[in-house]
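Here is what each chain is made of, one letter per residue.
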Amino acid sequence: MVATSLPFVETQSPAHICPYDQACNYLEWAAKELKLDAGIVEILSHPRKVVTVSIPIKMDNGEVRVFAGHRVQHSDILGPYKGGIRYHPAVTLREVSALAMLMTWKCALLGIPYGGGKGGIPIDPKKFSVGELERISRRYISELIKDIGPSVDIPAPDMGTSAREMAWMMDTYSVNVGHSVPGVVTGKPLSIGGSLGREMATGRGVMIIVRESLKDHGISLTGVRIAIQGFGNVGGAAAELLHQAGAKIIAVSSGAGGIFAEDGLDISAVKAYAAQNRRSVVGFPTAKAISNADLLTLPCDVLIPAALENQITEENVHEIKAQFIAEAANGPVTLEANQVLEARGVTVLPDILANAGGVVVSYLEWVQGLSYLFWDEERVNKEMEYLMVQAYHKVMEEAKTRRVNLRLAAYTLGVGRVAQALTDRGLYP
Ligand SMILES: NC(=O)c1ccc[n+]([C@@H]2O[C@H](COP(=O)([O-])OP(=O)(O)OC[C@H]3O[C@@H](n4cnc5c(N)ncnc54)[C@H](OP(=O)(O)O)[C@@H]3O)[C@@H](O)[C@H]2O)c1
Ligand SMILES: N[C@@H](CCC(=O)O)C(=O)O
């Protein structure tokens, strides 16, 4: 019998906390502080375009399966839609819509000329062969040919995707339009116009923001105890760079669980182990096993959630012991938990600032490609560091001036810039 379920029809989020409601709550919070006009808030509460496509694929065993693929374009007021594509079983349209909105504020906060978008396919990439993933990626992007482009909407990697998927997508787009278009995606391999420094960029940005915040509190990175949830592109790079900078990484995790070592982990050895074990850190010798939930509540100085959203909620916030939380993931701390942490004096470095290094280097990749001029890694890292440190200081200044926490300060800057541009452009017709 043919399955009649429509995987893309979704009336409500299966998650306990609806990510889109959460994103709108953040927007309203910032709008209230900025005293924004209700009409502006109404516009910004809605994505400009939501696309869901069917992705029919022949599996390796000859069976045909159909997957849902989403692309949400939240706002292009400041420039082309920009944001990653996520492959993860928990992907929903509401989640992708929330993440697209976050991208709008992130790009605006960093002052880069982009709007916000996000894509996603609810699959666990670990359960597919490379050939199946290639067919899924190519068919997904072929269904979006009219919706994306280097001056329209520029995808990039997110959870479960990497330079490999970007190469397939760039090639599929190029073949379909009849000429090579490297600028249609960022986070590409170097061989086809990617940028040096992009792979480590988000983790490097996290390291920079943590370093700046500690410095403001008179603390150096040397010997600081850090726990990191998620050991993928972002968590892995952050762990490596913070370790190199002298911090002690006491715990890291992947989807199936984590590892803990009181005296600090040898991050190069953990990386090598994960590379041999389908990215999993579980079973790493000489470290104790720890659950993803217990990692969050470890006694440490800095906690870096670098996996999924809604990890620190009203349910576990009272057990959090870190004095600094750097949101490497998008949306890992709920609004309610954020308020509890702030009241306790915990510094929460918000996602739209802390993890912006990735999209900043995506922007630098796009600029290099459009100008046919490629930079060395030192220059890329320097330009990114300048933009990140500048944004950090603007957020600190805004927080001081408005007497608000760092998340609200980051939001008032990001949302404020978009609202101003929307006001100046006016409403068509
Ligand atoms: N990539 C970027 O440029 C970028 C930029 C800014 C922000 N971000 C955000 O950073 C976060 C991580 O992205 P990424 O690119 O690092 O993804 P990634 O490379 O796919 O890595 C994700 C990591 O999280 C782990 N994980 C998966 N499900 C988990 C769960 N339920 N609990 C705990 N850990 C889990 C994964 O383990 P397994 O490998 O075992 O699944 C992996 O270690 C996301 O929130 C993303 O939106 C990414
Ligand atoms: N997915 C990443 C990177 C987006 C990009 O480079 O366009 C993010 O959430 O910021």
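Residues numbered from 1 in each chain as written. Chains lettered and ligands numbered in written order. Predicted model: local features only at pLDDT ≥ 70, side-chain atom pairs only at ≥ 80, totals over all residues. Heavy atoms only, no water.

Looking at an unreviewed UniProt entry, the protein chain carries the name Glutamate dehydrogenase, with the source organism given as Cuspidothrix issatschenkoi CHARLIE-1. On record in UniProt, under Sequence similarities (unreviewed entry), the comment for the protein chain is "Belongs to the Glu/Leu/Phe/Val dehydrogenases family." (UniProt positions renumbered as here; feature names shortened; annotations may be inferred.)

K.L.:
I'm lost on the site of ligand 2 in this one. Help?
P.N.:
Around ligand 2, the surrounding shell holds 14 residues, and the nearest of these are Lys82, Lys106, Lys118, Asp158 and Ser362. Within the contact set of ligand 2, a nitrogen atom lies 2.8 Å away from a side-chain nitrogen or oxygen of Asp158. At 2.6 Å, a side-chain N or O of Ser362 approaches an oxygen atom of ligand 2. Starting from 300 Å² of accessible surface for ligand 2 in isolation, the protein chains cover 95%. Where the shell around ligand 2 is concerned, the elements lending two or more residues are strand 3 (81-87), helix 3 (93-110), strand 5 (153-157) and helix 12 (357-371). Looking at the shell around ligand 2 residue by residue, the classes come out as 4 nonpolar, 5 polar and 5 charged. (Near = heavy atom within 4 Å. Polar contact = N/O pair within 3.5 Å; in protein donor to acceptor, adjacent residues only side chain to side chain. Areas by Shrake-Rupley, 256 points an atom, 1.4 Å probe, with all protein chains shown as cover. Helix = DSSP H or I, 4+ residues; strand = E, 2+ residues; numbered from the N terminus. Nonpolar A, V, L, I, M, F, W, Y, C, P; charged D, E, K, R; others polar.)

K.L.:
Where do I start with the sheet that holds strand 12 (residues 347-349) in this structure?
P.N.:
Working definition: the strands of a sheet are paired by backbone hydrogen bonds and lie parallel or antiparallel to each other. Pairing is mixed in the open sheet, where 7 strands are placed in the order 9-8-7-6-10-11-12. On the outer flanks of this sheet lie strand 9 (288-290) and strand 12, each paired with one strand and no other. Between one strand axis and the next, the sheet turns by 20 degrees as a mean value, whatever way the strands run. With 2 bridges connecting them, strand 10 (residues 302-305) and strand 11 (residues 324-326) associate as parallel partners. The residue bridging Val302 from the neighbouring strand is Phe324, located in strand 11. (Pairing = 2+ DSSP bridges. Axes fitted to C-alpha atoms, helices over the stretch in contact; angles between N-to-C directions.)

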